[in-house]
Amino acid sequence: MSIPPISTSKAAAAVINAMISLVGLAVSIAPLPLGSDGVSDRTDQPPFAVLVVGVILGVLGLVGSLGIWRGLRWGAFLTIAVRGLDGLSSLFGVTADDLTLRSLAILSVAAAVLVIFLILRRDQEPAES
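Going along each chain's sequence as written, the residues are numbered from 1 onward. With pLDDT at 70 or above as the cut-off, local features in this predicted model cover only qualifying residues; side-chain atom pairs require 80 or more to be listed or tallied, and sums for whole chains, interfaces and linings still use all residues. Side-chain measures were taken over the full set of non-hydrogen atoms in the model, leaving aside hydrogen atoms and water.

Chemist: Would you mind showing me how to read the overall build of the protein chain here?
Modeler: The secondary structure content of the protein chain amounts to five helices and zero strands. Only DSSP runs of H or I covering at least 4 residues are called helices, and only runs of E covering at least 2 are called strands; the numbering of each starts at the N terminus. Tracing the protein chain from N to C terminus, the helices and strands come up as α-α-α-α-α. Relative accessibility thresholds used throughout: buried, under 20% of the residue-type maximum; exposed, over 50%; partly exposed, between the two (1.4 Å probe, protein chains only). The proportion of buried residues among the 129 residues of the protein chain is 32%. In what follows, a contact means two residues having at least one pair of non-hydrogen atoms within 4.5 Å. Taking contacts inside the protein chain between residues at least 6 apart in sequence as the whole, the part at least 24 apart equals 60%. Exposure was quantified through the Shrake-Rupley algorithm and a 1.4 Å probe, taking into account, for residues, occlusion by the shown protein chains and nothing else. Approximately 8600 Å² of the protein chain is accessible, and the part contributed by carbon and sulfur atoms is 70%.

Below is the structure:
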C-alpha cells in the first residue's frame, strides 16, 4: 500500500503542528516532576491539571501530524480538534497583564488559526489546456 502524496499546505500544516506540539510537550513536561503540590507552590507555573492537559494535547498533536503526513483523514480531524482546543484555551491569555504571556497567547491563537486554515484549504488543481 503506497502513501498518497500530500499537498504543500497539508505538509506545512503537519510540520507547524508538530513543532507547536513539541514545544507544548517540552513546556508541559518540565514542571511535572514537582508534582501537584510543588507546581501549586510556584507562582510562575500554571495549575498541574493544565500541565497534564498540555502533555496530552502535545502527544495528540504529534499523532495528528503523523496522520496528516501519511494522507489520512483522521489526522486532519484530530489536528483541527487539538489546535482548536489549544487556540480556544489560549484566548484567555490574550487579556493577561504580563506582556510575555499576552504575546505567547496571541502567537498560540495565530498558530492554531494558521494550521487549521492550511488543513482546510482546498488544493488547487492544475488548469486544463
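Chemist: Help me understand the nonpolar core in this model?
Modeler: Generally speaking, a soluble globular protein has its nonpolar side chains buried in company with each other. For this analysis, a nonpolar core means a set of buried residues of the types Ala, Val, Leu, Ile, Met, Phe, Trp, Tyr and Cys, connected via side-chain atoms within 4.5 Å. Counting seven residues, the largest nonpolar core is built from Ala13, Ala14, Ile68, Ala76, Val115, Leu118 and Ile119. Residue assignment for this core shows that the elements contributing at least two residues are helix H1 (8-29) and helix H5 (99-120). Of the residues forming this core, the biggest block, three residues, is contributed by H5. In this structure, Ala76 is in contact with Ile68 and Ile119, ignoring residues within four places of it in sequence.

Chemist: Is there a simple way to think about the environment of Ile20 in this case?
Modeler: Relative to the helices and strands, Ile20 resides in helix H1. On the basis of relative accessibility, which here comes to 23%, the residue Ile20 falls in the partly exposed class. Once the C-alpha coordinates of Ile20 and Ala112 are considered, the two residues, 92 residues apart in sequence, prove to be 9.0 Å apart. When sequence neighbours within four positions are dropped, the list of residues in contact with Ile20 reads Arg83, Asp86, Ala111 and Val115.

Shape descriptors only; they carry no functional weight alone.
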